[in-house]
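# Summary of the model geometry
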Amino acid sequence: MKKLRENMVRYFNKLDERWQALPLRKQHKYTLYFFMAYLLLTAGVIFKVWYDIATSEDSMVIGHIENPVLKKNESPASLQDTLSKILKNKIYERK
């Protein structure tokens, strides 16, 4: 973990040195380009959310959650018996 951290610090230091070696005008251009890309991406996401909200249906379907175990038409008593058998088999190490 320590080696990974040292490699990351070394990599970021090299990256920072390369950035500092660029002329100030080029740094300004890159910063402006990255900001414009960020601004376009943000505007696109906001437009997409606005469009999805505007075209969505206002009704929400609410239904009851059904237990999949009870859908099998088994009685809860037989499920309890099965559970108790499994637990007893685990306790007494039977298969």
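A quick note: this is a predicted structure, and the numbers were derived from the prediction, not measured.

Quick notes on the rules
- In this convention, every chain numbers its residues from 1, walking through the sequence in written order.
- This being a predicted model, a pLDDT of at least 70 is required before a residue's local features are given, and a value of 80 or more before pairs of side-chain atoms are given or counted; all residues contribute to the totals for chains, interfaces and linings.
- To obtain the side-chain values, all non-hydrogen atoms of the structure were included, while hydrogens and water were left out.
- Secondary structure is summarised from DSSP: a helix means a run of H or I of at least four residues, a strand means a run of E of at least two, and numbering begins at the N terminus for each.
- Remark: exposure states derive from per-residue accessible area (1.4 Å probe, protein chains only) relative to the maximum for the residue type, with buried under 20%, exposed over 50%, and partly exposed in between.
- Computed with the Shrake-Rupley method and a 1.4 Å probe, the accessible areas treat only the protein chains shown as cover for residues.
- For this document, the term salt bridge refers to a Lys or Arg side-chain nitrogen within 4 Å of an Asp or Glu carboxyl oxygen.
- Patch membership requires more than 30% relative accessible area and the absence of a salt bridge. Residues of like charge join within 9 Å; the nonpolar side chains Val, Leu, Ile, Met, Phe, Trp and Tyr join within 5 Å.
- Here a pair means two rings of Phe, Tyr or Trp (six-membered ring of Trp) with centres within 6.5 Å. Their orientation is stacked below 30 degrees between planes, edge-to-face above 60, and tilted elsewhere.
- Scored from 0 to 100, pLDDT records how confident the predictor is in each individual residue.
- Distance and chemistry together define a polar contact, namely a pair of N or O atoms within 3.5 Å, with one atom able to donate a hydrogen and the other to accept it when in protein, and with adjacent residues in sequence counting only for side-chain atoms on both sides.
- Contacts are assigned to residue pairs that have any heavy atoms within 4.5 Å of one another.

### Quick word on the overall build of the protein
What the protein contains, in helices and strands, is three helices and zero strands. Helices and strands appear in the protein in the N-to-C order α-α-α. Buried positions account for 1% of the 95 residues belonging to the protein. For the protein, the accessible area works out to roughly 10,100 Å², and carbon and sulfur atoms hold 63% of it.

### Looking at the pattern of salt bridges
All chains considered together, the criterion is met by one salt bridge. Salt-bridge contacts for D52 lead to K48; the nearest nitrogen and oxygen are separated by 3.1 Å. With D52 and K48 both in helix 2 (residues 24-55), this residue pair falls four residues apart, about one helical turn. Judged by relative accessible area, D52 falls into the partly exposed class, the value being 35%.

### Notes on a nonpolar patch on the surface
Together, M1, L4, M8, Y11, F12 and L15 give the surface a local cluster of nonpolar side chains, amounting to about 680 Å² of exposed area. By the element assignment, L4 lies in helix 1 (residues 2-21).

### Some remarks on the packing of aromatic side chains
The geometry of two aromatic rings is summed up by the distance between their centres and the angle between their planes. A complete count under the given rule lists three aromatic pairs for this structure. Seen from their ring centres, F47 and W50 are 5.7 Å apart, and the 40° between their planes marks the pair as tilted. Taken together, the residues span about one helical turn, with F47 and W50 both in helix 2 at a distance of three residues. As far as the burial class goes, F47 and W50 line up, both exposed. Through successive ring pairs, a cluster of aromatic residues spans F47, W50 and Y51.

### Thoughts on the confidence of the model for the protein
Per-residue confidence for the protein gives a mean pLDDT of 84, with 76% of residues at or over 70. Looking over the protein, one finds the lowest element-wise mean pLDDT in helix 3 (residues 76-92), namely 63, and the highest in helix 2, namely 96.

### Some thoughts on the side chain of Q27
With respect to the helices and strands, Q27 occurs in helix 2. Accessibility expressed as a relative area gives 12% for Q27, which makes it buried. Here W19 takes part through its backbone oxygen, which lies 2.6 Å from a polar atom of the side chain of Q27. Ignoring anything within four residues of it in the chain, the contact list for Q27 reads W19, Q20 and L22.

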